[in-house]
Amino acid sequence: SYWEQRFRKKPSVSYIRPMSGEAASGEARRLRRVIGEDMAGRIKGWCAGNKVSPAVLFEAAVCAYLYRINGKPEETWIGTLVADRASRQEKEMAGMCVSTMPLGIRVAEEDTAVSLCEKIAAGHMELFRHQKYPYGNILKGVREKFGFSGSLFEVMVSYQNARIGYHGGIGYGTEWFSNGCSEAA
């Protein structure tokens with residue numbers, strides 16, 4: 001299968017800060033930043049000029065950082081969300097349907113921002129083709145194959161292009177809340 005091929009070798013988990021002993025837990029922490037209009041406009045302009053989405057640009061920044069701080073591994077892994085709506089019926093269904101997927105990127109010293117974004121966009125296309133296989137099953141297979149109890153990724157990127165502003169003198173915005181299902185066991 002695709003996932004067996006993808007995990008021929010044991011993945012090296014990309015950490016921001018490895019945890020051990022009492023500090024290790026399954027608790028997830030989130031970093032949330034709101035980008036001002038000026039910066040958002042500059043980011044959108046760069047992305048339009050280079051034909052990449054802002055989500056891919058932010059994933060590229062995270063992958064480049066993880067690559068650097070993790071000793072330049074063969075592959076850098078992050079978690080990403082894919083809209084789990086492949087069929088017409090699913091696309092017309094009300095509600096939120098997403099899948100958590102492991103995204104492995106081979107970052108190279110000579111990568112530019114654009115080339116890294118292109119790798120990530122290509123990785124997304126692969127994930128879209130294989131998104132129906134649940135993350136829990138992928139994780140179980142890799143754990144059984146390599147005999148480890150860890151996770152496939154420790155960092156997940158969730159980009160939201162929510163609008164924040166005012167209408168009729170009332171401020172509005174959005175906030176993302178986890179129901180606990182996106183945290184890996």
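These remarks concern the structure in this document.

Here we look at the state of the cysteines
- Applying the stated criterion to the full structure yields 0 disulfides.
- Here Cys47 is not disulfide-linked; the sulfur of Cys117 is the nearest cysteine sulfur, at 6.8 Å.

Thoughts on the environment of Ile69
- Within the secondary structure, Ile69 is located in helix H3 (residues 54–69).
- As for Ile69 and Ser14, which are separated by 55 residues in sequence, their C-alpha atoms are 8.7 Å apart.
- Not counting residues up to four positions away in its chain, the partners in contact with Ile69 are Tyr15 and Ile16.

Here's the deal with the nonpolar core
- By size, the foremost hydrophobic cluster in this structure holds 32 residues, and its most contacted members are Trp3, Phe7, Ile105, Ile120 and Leu152.
- For this core, the secondary-structure elements that each account for two or more residues are helix H1 (2–6), helix H2 (37–50), H3, strand E1 (76–83), strand E2 (98–105), helix H5 (113–129) and helix H6 (135–146).
- For this core, the element with the highest residue contribution is H3, accounting for 6 residues.
- If sequence neighbours within four positions are ignored, Ile120 has contacts with Val56, Glu59, Ala60, Cys63, Leu103 and Ile105.

Definitions and limits used
- Residues numbered from 1 in each chain as written.
- Predicted model: local features only at pLDDT ≥ 70, side-chain atom pairs only at ≥ 80, totals over all residues.
- Heavy atoms only, no water.
- Disulfide = S-S within 2.5 Å.
- Helix = DSSP H or I, 4+ residues; strand = E, 2+ residues; numbered from the N terminus.
- Contact = heavy atoms within 4.5 Å.
- Core = buried A, V, L, I, M, F, W, Y, C linked by side-chain atoms within 4.5 Å.
- Buried < 20%, exposed > 50% of the residue type's maximum accessible area, 1.4 Å probe, protein only.

Distances and angles like these do not, on their own, reveal function.
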